[in-house]
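Report on the structure
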Amino acid sequence: MNKKALAFIANGTEEGELINVVDILCRAGVDVKLVSIDGETVTSSHGVKLVADALIDGVDLSDVDLLFIPGGMPGSKRLGECKAVVSAISSALESGKRVAAICAAPALVLGANGFLKGKRGICFPGFEAHMDGCEIAFGARFVTDGNITTARGLGCAIDLGLELVRLLVGDDKAQEIKGKIQY
């Protein structure tokens, strides 16, 4: 059975982090949907238009294996303040599903809402103060602790994508993709 993932987007989402991770998940056969909190089309942090597959209030959040939150500003702040996103993350974690975030999102979405208490994690340098109760893994490109994976920033997006493939589909598929993309 194919794995399913939702990637949350908002005005100000960092498009490179989003696309790199989503691309690698898709290469592994994961069915990924972009879910917007800001309408069908959002404008990324660098002015790129992104078209959502669904709006947050019209998507089944229970039938997924992974929730992915890209960084970017002010997208991370907007996603972290969205009650529906926070509720979806809470439900996913309570049911043992995977949650991943990169750049500012580990801090402003996961940390700011208490999801990283007692966990190890990483975020974009300078956002550590928002990683409430989290042991910061300084220098790490990504960290998986239980069912939460965090990553530092755009330069770590391929690493994050491959780690999520390893966790969802298996190491063999992650290694296959790594070779095919010349990484």
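To be clear, the structure that these remarks concern was listed above.
A brief report on the enclosed structure follows. (Residues numbered from 1 in each chain as written. Predicted model: local features only at pLDDT ≥ 70, side-chain atom pairs only at ≥ 80, totals over all residues. Heavy atoms only, no water.)

Another point: the pattern of salt bridges. Scanning the entire structure with this criterion turns up 11 salt bridges. Residue Asp 132 pairs with Lys 117 through a salt bridge whose shortest N-O separation is 3.4 Å. You can see Asp 132 sitting in the loop between strand S8 (120–121) and strand S9 (135–136) and its partner Lys 117 sitting in the loop between helix H4 (105–111) and S8, a full 15 residues away along the chain. Asp 132 sits in the partly exposed class, given a relative accessible area of 39%. Measuring nitrogen to oxygen at the nearest pair gives 2.4 Å for the salt bridge that ties Arg 141 to Asp 159. Separated by 18 residues along the polypeptide, Arg 141 in the loop between S9 and strand S10 (142–145) and Asp 159 in helix H5 (residues 157–168) bring together distant segments of the chain. When its relative accessible area of 11% is taken as the criterion, Asp 159 is described as buried. Connected through shared salt-bridge partners, Lys 173, Glu 176 and Lys 180 make up one network. (Salt bridge = Lys/Arg side-chain N within 4 Å of Asp/Glu carboxyl O. Helix = DSSP H or I, 4+ residues; strand = E, 2+ residues; numbered from the N terminus. Buried < 20%, exposed > 50% of the residue type's maximum accessible area, 1.4 Å probe, protein only.)

Looking now at the nonpolar core. In terms of nonpolar packing, the biggest core is built from 36 residues, with Phe 8, Leu 67, Ile 69, Ile 89, Val 99 and Leu 110 touching the most fellow members. Among the elements of the structure, strand S1 (4–9), strand S6 (66–69), helix H3 (83–94), strand S7 (98–102) and H4 are those that each provide at least two residues to this core. Contacts of Phe 8, omitting those with residues within four sequence positions, involve Thr 13, Val 35, Ile 56, Leu 61, Leu 67, Phe 68, Ile 69, Pro 70, Leu 79, Val 85 and Ala 88. (Core = buried A, V, L, I, M, F, W, Y, C linked by side-chain atoms within 4.5 Å. Contact = heavy atoms within 4.5 Å.)

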